[in-house]
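Remarks on the overall topology
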Amino acid sequence: MSVNRENSVKFEELVGESQSDKIGSVRVAEFEFQLCDHLQKIEGEDAYYATAFYDGLKAEGRDINGIYYSKMGDMPVALLPLSLLQGAEAMYQDQGQTDAMLARAVKALESLNAKLVVPADVAAVKSGKAA
């Protein structure tokens, strides 16, 4: 197999041109996150959240925006609620990859969270209190 070195591109150049190391970087209100491809339900909550990395360190727990902060190993992670994710904006031009990632995450969270909502009629039947 022959390799044409004239038309080759160094990995660093490719990453620099396509912003591929920043795929998933979003701005949510005044905060910046890099989305993971992971959704998580928090015990005691009636919703799934999108997992994201961020720079810095926040106290573990929930902030006034509904974002949960925690650690995954040594990495600080944030769990973003659907309501905030719906308003998130891609931070870099990456050929629409972050926009596509956001759309998938929003759609998945909507679907998962809809399954957690139990209509009053179903809840009454399950509890044995149906009329």
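Structure shown above.
Residues numbered from 1 in each chain as written. Predicted model: local features only at pLDDT ≥ 70, side-chain atom pairs only at ≥ 80, totals over all residues. Heavy atoms only, no water.

**Considerations on the sheet that holds strand β7 (residues 89–90)**
- On the basis of which strands lie adjacent, the open sheet formed by 7 strands has the order β4-β5-β6-β3-β2-β1-β7 and antiparallel pairing. With partners counted over all chains shown, the strands left at the sheet margins are β4 (61–62) and β7, one partner each.
- For strand β5 (residues 68–72) and strand β6 (residues 75–80), the ladder comprises 5 bridges, and the chain directions are antiparallel. By the bridge assignment, M72 is partnered in β6 with M75.
- Relative to strand β2 (residues 31–41), helix α3 (residues 97–116) is tilted by about 40°, and along the sheet it contacts β1 (25–28), β2, β3 (48–53), β6 and β7. (Pairing = 2+ DSSP bridges. Helix = DSSP H or I, 4+ residues; strand = E, 2+ residues; numbered from the N terminus. Contact = heavy atoms within 4.5 Å. Axes fitted to C-alpha atoms, helices over the stretch in contact; angles between N-to-C directions.)

**A few points about the environment of V117**
- Within the secondary structure, V117 is located in the loop between α3 and α4 (120–127).
- Spatially, the C-alpha atom of V117 lies 8.8 Å from that of A47, the residues being 70 residues apart in sequence.

**Quick word on the pattern of salt bridges**
- Taken as a whole and assessed by the stated rule, the structure comprises 2 salt bridges.
- We note a salt bridge from R27 to E32, for which the minimum N-O separation is 2.8 Å.
- Overall, the relative accessible area of 36% leaves R27 in the partly exposed class.
- Two residues, E45 and R62, come together in a salt bridge whose shortest N-O distance is 3.7 Å. In this pair, E45 sits in the loop between β2 and β3 while R62 sits in strand β4, placing the two residues 17 residues apart along the sequence.
- Relative accessible area serves as the criterion here: at 19%, E45 is assigned to the buried category. (Salt bridge = Lys/Arg side-chain N within 4 Å of Asp/Glu carboxyl O. Buried < 20%, exposed > 50% of the residue type's maximum accessible area, 1.4 Å probe, protein only.)

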